[in-house]
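Residue-level structure breakdown
Okay, here's what each chain looks like letter by letter:
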Amino acid sequence: MKTDQEIAQRLVLFIAPILAAPVIATAPAMAYSLAFSETAFQFENFSHSAYSVGTATNADTLALVTKPASSVAATAAAVAYFFPDSAGGLSSSVAGGQGSSYIGVAHSLAQVVGSVLVGSGESFGFNFRAGFTLGSSVSSTQLGMANAAGRIAFWLFGSNDGGEVSLLDSFSAFGQVAAGGNNFLGWQSSGNISYTGSANMYGTGTESFAMASFQGSYQRNFDSQTQLTLVKVQENEAGVAVPEPVVPLPLSVFILFSLIAWKVRRKATSVGQLDLTPIQKDSRI
């Protein structure tokens, strides 16, 4: 039987070359920072074949050095696929630098969309596995910052006889780590989704790390013919800056962090500082 560890293994194989790119040899007298966000998602065992599918990926980076003797690198990558019996993607954002003045931001996104037609009295279902890994580290929180955020989510929309489209069910998990604190994990789902999972969070004064993985299934019966559309999104943001900026960095990275944090406080439970026991169904406030 396949296990949640396969999510981590796929991430390692996909991410290792990317993580190697921004690694910077640090000098004792120079500030350094590193942030990374990685996600993996896979659907399997669809009960119905999709008559229409689509995928989309996006990767953006910004690397800016503003003083001599500084260096920074940012990398982002994403892949998405939709086959008859499976769908999903892998995505990663990494930023790292050293010196006295630099900014690095990376953003990646992977999406899949599939539409199926379910007849009256039929049941639609599938299995899924998903996970993310987040990390951040700085030489000193007084000099700079390193943040990483990620989310994995899917939504199922439905309509009857060409009528109005409505959201039927959804699942989402999200998190952030920031060197020196402000770490969280959260997740939520609707009633027709059954899943188990595990999550861990670790932090010190200068580094933070979080990992979460989920494995579950979806099943829903329909009384009439229904057109269904499944949408999956996985997104990663990583940002580093020395010195710590007075205003948010360019692109969406730190704005996204703030929005995710606000949503988590409203809709999900904070994991805390160290560990989370295996998840059974929803976690929310």
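Our subject is the structure that appears above.
Structural notes, computed from the coordinates. (Residues numbered from 1 in each chain as written. Predicted model: local features only at pLDDT ≥ 70, side-chain atom pairs only at ≥ 80, totals over all residues. Heavy atoms only, no water.)

**Here's the deal with the pattern of salt bridges**
Stated formally: The working definition used for a salt bridge is a side-chain nitrogen of Lys or Arg within 4 Å of a carboxyl oxygen of Asp or Glu. Segments assigned H or I by DSSP are reported as helices when at least four residues long, segments assigned E as strands when at least two residues long, and all are numbered from the N terminus. Three exposure classes are used, based on accessible area relative to the maximum for each residue type with a 1.4 Å probe and protein chains only: buried under 20%, partly exposed in between, and exposed over 50%.
With the rule as written, the count across this model stands at three salt bridges. The salt bridge partner of arginine 129 is glutamate 44, with a shortest N-O separation of 3.6 Å. Here arginine 129 is found in strand β6 (residues 123-138), whereas its partner glutamate 44 is found in strand β1 (residues 31-44), with 85 residues between them in sequence. The exposure class assigned to glutamate 44 is buried, which follows from its relative accessible area of 12%. For the salt bridge of aspartate 169 with arginine 220, the shortest nitrogen-to-oxygen distance reads 2.8 Å. Taken together, the residues aspartate 169 in strand β8 (residues 166-178) and arginine 220 in strand β11 (residues 207-221) connect sequence positions 51 residues apart.

**What to know about the sheet that holds strand β12 (residues 226-242)**
Within a sheet, adjacent strands bond to each other through the backbone by hydrogen bonds, running parallel or antiparallel. Let me state the cut-off plainly: Here, strands pair whenever DSSP counts at least two bridges between them. For helices, the fitted axis covers only the stretch in contact; all axes are lines through C-alpha atoms, and the angles between them, taken along N-to-C directions, range from 0 to 180 degrees.
What the six strands build is an open sheet, ordered β2-β5-β12-β7-β8-β9; its pairing is antiparallel. The two strands at the open ends of the sheet, each matched to only one other strand, are β2 (52-65) and β9 (184-189). Taking each pair of neighbouring strands and ignoring which way they run, the sheet shows an average axis angle of 5°.

**Considerations on the packing of aromatic side chains**
Think of a pair of aromatic rings as described by two things: how far the centres are apart, and how the planes are tilted against each other in angle. Cut-off, in case you're wondering: Geometry of aromatic contacts follows a simple scheme: Phe, Tyr and Trp rings, the Trp one being its six-membered ring, pair when their centres are within 6.5 Å, and the pair is stacked under 30 degrees between planes, edge-to-face over 60, tilted otherwise.
Under the definition given, this model contains 19 aromatic pairs. Taking the centre distance of 6.1 Å and the plane angle of 90° together, the rings of phenylalanine 41 and phenylalanine 154 count as edge-to-face. Remark: phenylalanine 154 occurs in strand β7 (residues 145-159) and phenylalanine 41 occurs in strand β1; sequence separation between them is 113 residues. Given a relative accessible area of 2%, phenylalanine 41 falls into the buried group. Judged by relative accessible area, phenylalanine 154 falls into the buried class, the value being 1%. Centroid distance phenylalanine 128 to phenylalanine 171: 5.3 Å. Interplanar angle 50°. Geometry classified as tilted. Of this pair, phenylalanine 128 sits in strand β6 while phenylalanine 171 is found in strand β8, placing the two residues 43 residues apart along the sequence. A connected cluster of aromatic rings, assembled from ring pairs, spans Phe41, Phe43, Phe46, Phe82, Phe124, Phe126, Phe128, Phe154, Phe171, Tyr195, Phe214 and Tyr218.

Geometric descriptors of this kind do not, in isolation, establish any biological role.
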